[in-house]
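Okay, here's what each chain looks like letter by letter:
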Amino acid sequence: MSDFEIKDKNLAEGGRRRIEWACREMPVLKLIRERFSKEKPLKGMRLSACLHVTTETANLMKTLVAGGADVVLTASNPLSTQDDVAASLVTHDEISVFAIKGEDHTTYYKHIQAALDHKPHITMDDGADLVSTMHKERRELLSGMVGGTEETTTGVIRLRAMAADKALAFPVVAVNDAMTKHLFDNRYGTGQSTVDGIVRATNILLAGKVFVVAGYGWCGRGLAMRARGMGAHVVVTEVNPLPALEAVMDGFQVMPMSEAAKIGDIFVTVTGDINVIDRHHFEVMKPGAIVANSGHFNVEINIPALEKMSKSKRLVRPYVERYDLEDGRDIYILGEGRLINLASAEGHPASVMDMSFANQALSAEYMVKFGSTLEKKVYSVPEEIDRMIARLKLESMGIQIDTLTEEQVKYLNSWEEGT
């Protein structure tokens with residue numbers, strides 16, 4: 001394979017303009033890039049990244065290159081690539097990119113292998129496909145690894161399972177668990193971009209619809225909040241009593257999916273688990289129900305079961321497939337059950353990805369400095385990095401906050417003073 005595989009280099013100029021537009025909303029990453037350009041903390045490091053190929057990711061790649069890294073980028077989802085962005089990175093920044101929107105399963109994993117052919121010292125993953133493929137099929141590369149970073153809830157779950165089985169061969173920083181990632185990217189980013197993707201794909205009015213959110217983690221919280229803001233009646237389904245109770249306290253109706261399936265107009269899964277919407281749910285859905293996923297993998301909706309229940313299916317709009325069931329009902333699946341916010345829209349707004357990708361860049365730097373001293377397990381982003389990113393974000397917004405006085409610091413560290 002050549003040093004890149006993209007759809008069309010002629011799309012590059014449009015991609016560059018969109019990358020520059022996103023950069024306007026990423027002041028924290030810009031500050032990091034300026035420092036990286038001077039200090040070159042990633043010099044000599046080969047870095048393979050498996051991420052959504054978007055305008056925001058492009059700005060992260062440019063930051064890593066500014067820091068001295070030799071970078072290869074591949075897609076973390078077959079439908080999330082923005083082809084003009086891939087073309088711009090290859091043409092204007094001479095970064096090797098292996099990503100084509102709509103690529104099939106075989107091509108997707110061929111591109112994963114191409115990123116591994118780079119013989120990385122550092123991996124940057126979004127769902128852990130790069131890391132898991134290395135461990136299963138390219139174990140000869142493990143000895144050269146310094147460490148990795150992981151962007152998503154799904155990926156962190158997979159990596160912690162590997163670590164628990166003593167299978168993980170190098171340390172990984174769970175970028176997803178940084179406060180400046182999940183509190184903002186997962187909540188505000190996923191909430192807005194998922195609604196954006198559904199509306200772009202369907203052009204339906206959300207007001208008055210019964211909108212079922214499966215899962216009330218940070219992504220589910222954000223999605224429920226945004227759907228309610230659009231006038232939908234939001235129902236939450238959960239398996240964990242604590243977030244279920246929180247959803248109730250937040251004013252949402254909570255019930256099992258088996259009951260929600262009977263009343264929902266729109267369903268969105270954001271759990272990271274398999275078959276959250278299954279055959280017995282499809283069996284009781286209303287005609288015309290719309291089903292989408294905003295979790296990382298397309299396993300949350302049991303589409304094979306739906307296909308067995310259907311006499312036919314057809315594409316009725318871009319990213320909208322109609323399944324005609326044997327009993328005469330019709331059900332609509334958005335974006336092939338893949339991440340709808342990236343399949344039919346542009347993913348998270350740049351301003352929230354600014355913090356997420358600042359975490360990625362600084363975690364890569366952290367791995368270069370300390371990876372050799374770390375155990376082979378999953379680590380949280382150091383608190384000082386998390387707080388620094390939050391402070392820089394506030395400063396970029398022109399917002400100042402208080403600082404503790406010496407007296408207040410002494411009081412907080414004392415046990416002697418009471419009422």
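Above: the structure in question.
Cut-offs applied
- Residues numbered from 1 in each chain as written.
- Predicted model: local features only at pLDDT ≥ 70, side-chain atom pairs only at ≥ 80, totals over all residues.
- Heavy atoms only, no water.
- Helix = DSSP H or I, 4+ residues; strand = E, 2+ residues; numbered from the N terminus.
- Rg over C-alpha atoms; globule rule 2.2 N^0.38 Å.
- Buried < 20%, exposed > 50% of the residue type's maximum accessible area, 1.4 Å probe, protein only.
- Contact = heavy atoms within 4.5 Å.
- Lys, Arg positive; Asp, Glu negative; His and termini not counted.
- Charge placed at Lys NZ, Arg CZ, Asp CG, Glu CD.
- Pairing = 2+ DSSP bridges.
- Axes fitted to C-alpha atoms, helices over the stretch in contact; angles between N-to-C directions.
- Right-handed = clockwise from strand over helix to strand, strands pointing away.
- Parallel < 35°, antiparallel > 145°, perpendicular 65-115°, else oblique.
- Nonpolar A, V, L, I, M, F, W, Y, C, P; charged D, E, K, R; others polar.
- Left-handed = near helix turned anticlockwise from the far one by under 90°.
- Expected span 1.5 Å × (residues − 1).
- Bend = angle between axes of the 7 residues up to and from the residue.
- Polar contact = N/O pair within 3.5 Å; in protein donor to acceptor, adjacent residues only side chain to side chain.

Participant: An account of the overall build of the protein chain is requested, with residue identities and associated values reported.
Facilitator: Scanning the protein chain from N- to C-terminus turns up 17 helices and 15 strands. Rg of the C-alpha trace for the protein chain: 22 Å, near the compact-globule value of 22 Å for 419 residues, within the 12% margin. Projected onto the principal axes, the alpha-carbon positions of the protein chain cover approximately 70 × 65 × 45 Å. Taken across its 419 residues, the protein chain has 56% of its residues classed as buried. Taking contacts inside the protein chain between residues at least 6 apart in sequence as the whole, the part at least 24 apart equals 71%. Charge centroids of the protein chain, computed over 48 positive and 57 negative side chains, lie 2 Å from each other.

Participant: Give a detailed account of the sheet that holds strand S14 (residues 330-334), specifying residues and quantitative values.
Facilitator: Read from one edge of the open sheet, 8 strands run S9-S8-S7-S10-S11-S14-S13-S12, paired in mixed fashion. The strands lining the two open edges of the sheet, one partner per strand, are strand S9 (253-254) and strand S12 (310-317). Lying over the sheet, helix H9 (residues 218-229) contacts strand S7 (210-214), strand S8 (233-237) and strand S10 (266-269), oriented at roughly 170° with respect to S7.

Participant: Got a sec to walk through the pairing of strand S4 (residues 122-125)? Specific residues and values, please.
Facilitator: Of the two faces of S4, the one lined by Ile122 and Met124 and the one lined by Thr123 and Asp125 are each fully buried. Where strand S1 (residues 46-51) meets S4, 4 bridges bridge the pair, whose relative direction is parallel. Of the residues in S4, the one forming a bridge with cysteine 50 is aspartate 125. Bridging between S4 and strand S5 (residues 147-150) involves 4 bridges; their strand directions are parallel. Counterpart to threonine 123 in the pairing with S5 is glycine 148. Handedness of the β-α-β unit built from S4, helix H6 (residues 129-137) and S5 comes out right-handed.

Participant: Residues and numbers for the packing of helix H1 (residues 12-23) against helix H4 (residues 83-93), please.
Facilitator: In helix packing, the relevant descriptors are the interaxial angle and the interaxial distance, both defined with respect to the helix axes. Across the interface, H1 lies against H4 with an axial gap of 7 Å and an inter-helix angle of 100°. Classified by the interaxial angle, the pair formed by H1 and H4 is roughly perpendicular. Residues Ala12, Glu13, Gly14, Gly15, Arg16, Arg18 and Ile19 of H1 pack against Asp84, Val85, Ala87, Ser88, Thr91 and His92 of H4. Residue classes in the contact of H1 with H4 are distributed as 4 nonpolar, 5 polar and 4 charged.

Participant: Could you give an account of the packing of helix H3 (residues 55-66) against helix H15 (residues 350-370), naming the residues involved and the relevant values?
Facilitator: Two numbers describe how H3 lies on H15: the axes approach to 10 Å, and their chain directions differ by 30°. Regarding the angle of H3 to H15, the classification is roughly parallel. As for the relative orientation of H3 and H15, their crossing is right-handed in sense. Of H15, the residues touching H3 (which contributes Glu56, Thr57, Leu60, Thr63 and Leu64) are Ala350, Met353, Phe357, Gln360 and Ala361. Here the residues of the contact of H3 with H15 sort into 6 nonpolar, 3 polar and 1 charged.

Participant: How would you sum up helix H8 (residues 179-202)? Please name residues and give values.
Facilitator: Its 24 residues give H8 an end-to-end C-alpha distance of 33 Å, which sits within 8% of 34 Å, the value for a rise of 1.5 Å per residue. Maximal helix bending in H8 amounts to about 35°, located at aspartate 185. With its phi angle positive at about 55°, asparagine 203 sits one or two positions after the end of H8.

Participant: Residues and numbers for the side chain of arginine 329, please.
Facilitator: Relative to the assigned elements, arginine 329 resides in the loop between strand S13 (320-325) and S14. You can call arginine 329 buried: its relative accessible area is 12%. For arginine 329, the side chain forms a polar contact with the side chain of aspartate 327, separated by 2.9 Å. With near-sequence residues (within four places) excluded, arginine 329 lies in contact with Phe282, Glu283, Val284, Met285, Pro287, Met309, Tyr323 and Asp324.

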